[in-house]
Amino acid sequence: MKKYIQSVMALVTVMSFASCSSDDNETIDNTGNTKVMSFTATQEGTGTRAAINPHDKTEIVWEEGDKISVITGHYPATFTLREGAGTASAKFEGSTMSANSYLAVYPYIDNYDVLYSEDYIDRITFPANQTATPNGFDKNAAFMMAQSENTTLNFKNAVGYIKVTPLFDCSKIELKAANETYALAGTGTLSYNYGEPSIYISNSATDKSYTITLNGNIESGNTYYIAVPSVTLTAGWTLSFTTSDGSKVYTRKGNKEIWIKRNTVINLGKFATDGNYGNDEARGIVRADQEVDMGLTITKDGKNYKIIFAKSNLTATGLAENESDFGDYFAWGALEPWYTSITTTSSSVTVNAWKDDKSEGYSYGNCPSYGNNSYVENDVLKIDYDAARQVLGGDWQLPTKEIWKALSDANKTSVYWGADGEKELEYIDGIQGMKITKKEDNSTYLFLPAAGFLINTSSNNIGSYGYYRSGTAYSDTYAYCLDFCTGNFYPQSLYQRFYGCPIRPVRLVPVE
């Protein structure tokens with residue numbers, strides 16, 4: 001079974017740069033013969049190489065047994081660490097030809113299919129499977145490059161890192177590029193790129209993967225790093241955590257663009273198994289931080305379900321960016337608004353342009369569901385005509401009258417308050433609306449802006465009343481609606497189907 005997990009706000013930490021140098025103690029042989037040489041290798045920045053110093057969790061050091069490849073012309077040679085294990089500057093020894101310029105790469109490459117040039121290496125393989133290292137990362141994926149005219153090699157990172165801290169034991173962690181926007185692993189080209197090393201893996205490559213998997217004994221509370229080429233995931237990302245016994249997968253999804261830069265760590269935070277529910281398919285295009293769990297349950301067809309609310313109103317393309325945004329206005333059964341341009345303020349809504357054949361606005365003649373019960377099944381709007389489902393995907397839907405009543409009943413003490421028993425509307429971001437706080441958790445609340453409604457070409461009660469769609473039909477011309485203003489919260493009011501009203505989506509999650 002899949003469940004979603006909760007994450008803290010993502011934090012991008014750009015690494016500092018570190019450089020050191022060493023005098024060249026070797027005499028360069030210009031005869032073209034190979035000879036034993038030593039190179040001093042330094043590293044760029046902190047937090048990105050092969051091992052973490054046990055005395056300083058942020059200092060990255062060279063490890064005993066580390067190897068690098070030094071390339072002269074088209075000839076690669078392997079150099080092994082001889083001095084400096086446990087430090088950020090070490091000496092490597094091996095045999096190669098003397099040259100005017102050296103290209104070096106870490107980890108060393110043992111692949112006869114690789115093609116070498118003066119500033120790039122073609123047909124390298126960036127691993128889709130990486131070994132989990134507590135408070136570190138797989139050194140075989142920590143690609144670095146250096147270019148030098150002497151035997152001091154200042155290595156620069158070719159990859160960035162995703163940092164995660166699971167709060168439960170796992171057998172693997174998977175990072176996926178949403179909608180296969182960019183290949184994350186496979187065979188490609190490692191280029192020095194004028195001191196900004198990069199790995200390019202073409203989407204047309206035969207050997208490619210849109211997923212990087214971290215494997216191993218992943219223990220709760222430890223931090224792990226996933227090495228990733230420098231990419232921009234325009235459609236977002238997905239992180240999946242498989243429990244140590246393999247029985248469950250918990251998933252966190254980010255729908256916004258994310259740019260993974262070389263020599264940079266993106267900290268996606270701590271991941272727990274509670275606080276979010278469902279799976280990738282159930283959440284659709286909605287992120288975990290766009291949901292609100294008010295602690296409500298409802299019984300449907302003999303089964304119990306948890307009610308998860310969207311944090312903001314529906315728009316024609318997704319959820320509104322802010323909880324105080326009015327969103328778009330929908331007739332009952334309509335999958336889109338009737339306008340092409342609208343301007344909203346805290347107290348007014350103005351339609352700037354109507355769609356072709358909708359110039360009369362929110363009239364009964366423009367509403368196909370008005371007087372048409374083919375839109376209804378078992379007294380509820382058919383899912384094909386449910387704007388929340390069709391726009392957001394997953395299990396999203398319009399709230400039924402029972403869901404709105406559950407919100408009212410369970411939170412009556414917080415909905416109705418004050419000396420006279422009435423609850424005043426509150427302001428968020430300068431917008432007036434109904435704020436309902438979760439019982440026993442004052443930090444969790446649902447805010448419904450008083451967005452009024454549209455009828456014909458006019459707006460009504462903007463900023464003082466809220467009218468929110470329900471998926472439950474009353475007749476072939478009316479449907480239930482949530483209606484509120486100061487002192488009143490009516491979960492089962494009736495409004496005409498052709499009115500333009502905001503929608504606050506919900507989804508139901510089976511209670512185990």
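This text follows the structure it describes.
Let me sum up the structure you'll find in this document. Computed from a predicted model, the values in this text were never measured in an experiment.

### Some thoughts on the packing of aromatic side chains
Next up, step 1: Under the definition given, this model contains 31 aromatic pairs.
Next up, step 2: Taking 6.0 Å as the distance between ring centres and 10 degrees as the angle between the ring planes, the aromatic pair formed by Tyr465 and Tyr467 counts as stacked.
Next up, step 3: Ring plane angle 55 degrees and centroid distance 5.9 Å describe the contact between Tyr495 and Tyr499, whose orientation is recorded as tilted.
Next up, step 4: Pairwise contacts between aromatic rings join Tyr364, Tyr370, Phe453, Tyr465, Tyr467, Tyr495, Phe498 and Tyr499 into one cluster.

### Some thoughts on the pattern of salt bridges
Next up, step 1: Counted by the stated rule, this structure contains nine salt bridges.
Next up, step 2: When the shortest N-O distance is used, the salt bridge between Glu291 and Arg507 registers 2.8 Å. With Glu291 in strand E28 (residues 291–300) and Arg507 in strand E42 (residues 506–510), this residue pair connects regions lying 216 residues apart in the sequence.
Next up, step 3: The buried category is assigned to Glu291, whose relative accessible area is 12%.
Next up, step 4: Taken together, the shared-partner salt bridges connect Glu44, Glu196 and Arg262 into one network.

### Remarks on the sheet that holds strand E35 (residues 431–437)
Next up, step 1: Read from one edge to the other, the open sheet built from three strands follows the order E34-E35-E36, with strand pairing classed as antiparallel. Only two strands of the sheet have a single neighbouring strand rather than two, namely strand E34 (426–428) and strand E36 (445–449). Recorded for the sheet is a direction-independent mean angle of 50 degrees between the axes of neighbouring strands.
Next up, step 2: Direction of pairing for E35 relative to E36: antiparallel, over a ladder of five bridges.

Reading the values: the criteria
- Residues numbered from 1 in each chain as written.
- Predicted model: local features only at pLDDT ≥ 70, side-chain atom pairs only at ≥ 80, totals over all residues.
- Heavy atoms only, no water.
- Phe/Tyr/Trp six-rings, centres within 6.5 Å; stacked < 30°, edge-to-face > 60°.
- Salt bridge = Lys/Arg side-chain N within 4 Å of Asp/Glu carboxyl O.
- Helix = DSSP H or I, 4+ residues; strand = E, 2+ residues; numbered from the N terminus.
- Buried < 20%, exposed > 50% of the residue type's maximum accessible area, 1.4 Å probe, protein only.
- Pairing = 2+ DSSP bridges.
- Axes fitted to C-alpha atoms, helices over the stretch in contact; angles between N-to-C directions.

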